[in-house]
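Observations on chain architecture
Here are the chains, one letter per residue:
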Amino acid sequence: MGVSEATVSRVLNGKPGVSEATRQSVLTALDVLGYERPTQLRGERARLVGLVLPELQNPIFPAFAEVIGGALAQQGLTPVLCTQTKGGVSEADYVDLLLQQQVSGVVFAGGLFAQADAPHDHYHQLAERNIPVVLINASIEGLDFPCVSCDDAVAVEQAWRHLASLGHERIGLLLGPADHVPSRRKLQAARAAAEAAGVPLADEHVVRSIFSLEGGQAAANRLLEQGVTGIVCASDPLALGAIRAARRRGLSVPGDVSVVGFDDSAFMNCTEPPLSTVRQPIEAMGRAAVELLCAQIQGVHSHPGELLFEPELVVRGSTAPPAARA
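Residues numbered from 1 in each chain as written. Predicted model: local features only at pLDDT ≥ 70, side-chain atom pairs only at ≥ 80, totals over all residues. Heavy atoms only, no water.

Observations concerning the overall build of the chain
Test applied: Labels follow the DSSP assignment, with helices taken as runs of H or I lasting at least four residues and strands as runs of E lasting at least two, numbered in each case from the N terminus. Summary of the burial criterion: residues with accessible area below 20% of their type's maximum are buried, those above 50% are exposed, and those between are partly exposed, where the area comes from a 1.4 Å probe applied to protein chains only. Residues count as neighbours in contact if any of their non-hydrogen atoms are within 4.5 Å of one another.
The helix and strand tally for the chain stands at 10 helices and 12 strands. Structurally, the chain occupies a C-alpha span of about 95 × 35 × 35 Å along its principal axes. In the chain, which comprises 326 residues, the share counted as buried stands at 48%. Here the analysis covers contacts within the chain between residues at least 6 apart in sequence; of these, 72% occur between residues at least 24 apart.

So, the sheet that holds strand β1 (residues 48-53)
Using the following cut-off: Whether two strands pair comes down to DSSP finding at least two bridges between them. Lines are fitted to the C-alpha atoms to define the axes, a helix being fitted only along its stretch in contact, and any angle between axes, read from their N-to-C directions, falls within 0 to 180 degrees.
The strand order β2-β1-β3-β4-β5-β11 describes an open sheet built from 6 strands, whose pairing is parallel. Here the strands that pair on one side only, and so sit at the sheet edges, are β2 (78-83) and β11 (306-309). Recorded for the sheet is a direction-independent mean angle of 20° between the axes of neighbouring strands. The pairing of β1 with strand β3 (residues 105-109) spans 4 bridges and is parallel. Paired with G50 across the bridge in β3 is V106. The strands touched by helix α4 (residues 91-100) within the sheet are β1, β2 and β3, with β2 carrying the most contacts at an inclination of about 155°.

Topic: the environment of S149
We count it as follows: Pairing of N or O atoms within 3.5 Å defines a polar contact, subject to two protein rules: one partner must be a possible hydrogen donor and the other a possible acceptor, and residues neighboring in sequence count only if both atoms are side-chain atoms.
Relative to the helices and strands, S149 resides in strand β5 (residues 147-150). Spatially, the C-alpha atom of S149 lies 9.6 Å from that of P281, the residues being 132 residues apart in sequence. When neighbours within four sequence positions are excluded, S149 is seen to be in contact with N137, A138, M285, E306, L307, L308 and F309. A polar atom in the side chain of S149 sits 2.6 Å from the side chain of E306.

With respect to the pattern of salt bridges
Defined as follows: Salt bridge, as applied in this entry: a Lys or Arg side-chain nitrogen positioned within 4 Å of an Asp or Glu carboxyl oxygen.
According to the stated counting rule, one finds 8 salt bridges in the structure shown. Where salt bridges share partners, they join D264, R279, E312 and R316 into one cluster.

Considering the sheet that holds strand β7 (residues 206-208)
Spatial ordering of the open sheet is given by β7-β6-β8-β9-β10-β12, a layout of 6 strands whose pairing is mixed. The sheet is open, and its two edges are formed by β7 and β12 (312-314), each paired on a single side. Neighbour-to-neighbour, the strand axes of the sheet open up by a mean angle of 20°, direction not taken into account. Examined bridge by bridge, strand β8 (residues 230-233) and strand β9 (residues 258-263) share 3 bridges and lie parallel to one another. Opposite V232, over in β9, you have V260 as the bridge partner. Here helix α7 (residues 181-196) sits on the sheet and contacts β6 (171-175), β7 and β9; the angle it forms with β6, its principal contact strand, is near 165°.

Side note on the pairing of strand β10 (residues 276-279)
Two faces make up the sheet, and in a regular strand the side chains alternate between them. Where β9 and β10 come together, 4 bridges link them in parallel fashion. Each residue of the ladder has a partner; that of G261, found in β10, is T277. Bridge analysis of β10 against β12 gives 3 bridges, and the strand direction is antiparallel. Bridging from a neighbouring strand, T277 pairs with V314 of β12.

Shown next, in the form of structure tokens:
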């Protein structure tokens, strides 16, 4: 063919400095010799799917990754796990990396799309490039992607009614940050549930935290100072933090304070006491997300909007009737 190795390398890597005629000659020679063209030169996307997670410390996210990864593999797709770390690679950086890899689509299982005050330019970038995307859990308005969510309102209603049925009246709510959409939905539902029970939710009975055990412990201390006897939490790690806060104050769970989590992530039945929580249907949600993504990859552009999945209250040992007050 009469071209150098350097020229062939530039063609294969999509680098400039090669005439169109030479480029076509190199690609034709590849085809004749039976070599497979690199993905970016075939005019198609790789069989890779980005799976972007906000963290791995909360057991719910590895659980989602396991379900989604398995469902993708069944479709002949390979997940590329992208996990954010504090001070490390950002969500936007991962999106740039995934675009360079010519991915077929991206699944976000939690992330900045759920935070109103966070940057969202990278989502718009994916939309402009027509990359198939599915979001897991409630999204801010303005991002027109299919979304798979656990029904936050039903989750809080179940937890609140459970505590109310046990006789609790002073119930506190431990949520994520103020701009977190699922936490906003939980607050709205809690206000409605408290109103229905005839005991309106006081502002001082609502506290916010970052999603961590330590954050939950600090926020729960503020609720315990208000004398609440039951706490509904926006995640299981927050609930474990609330239990630790109660114990550090010499209080018994559930003797003095009842605590309800959210997620039913791994090992919550092994805590002391075993955690009462509201279970997200991870298996069904993960599989639905992959089905929605595959439909987009195959060119079926039916946009269902947000699919809401029903949670399930799991009653264990961290809830009981309130102690009689002297």
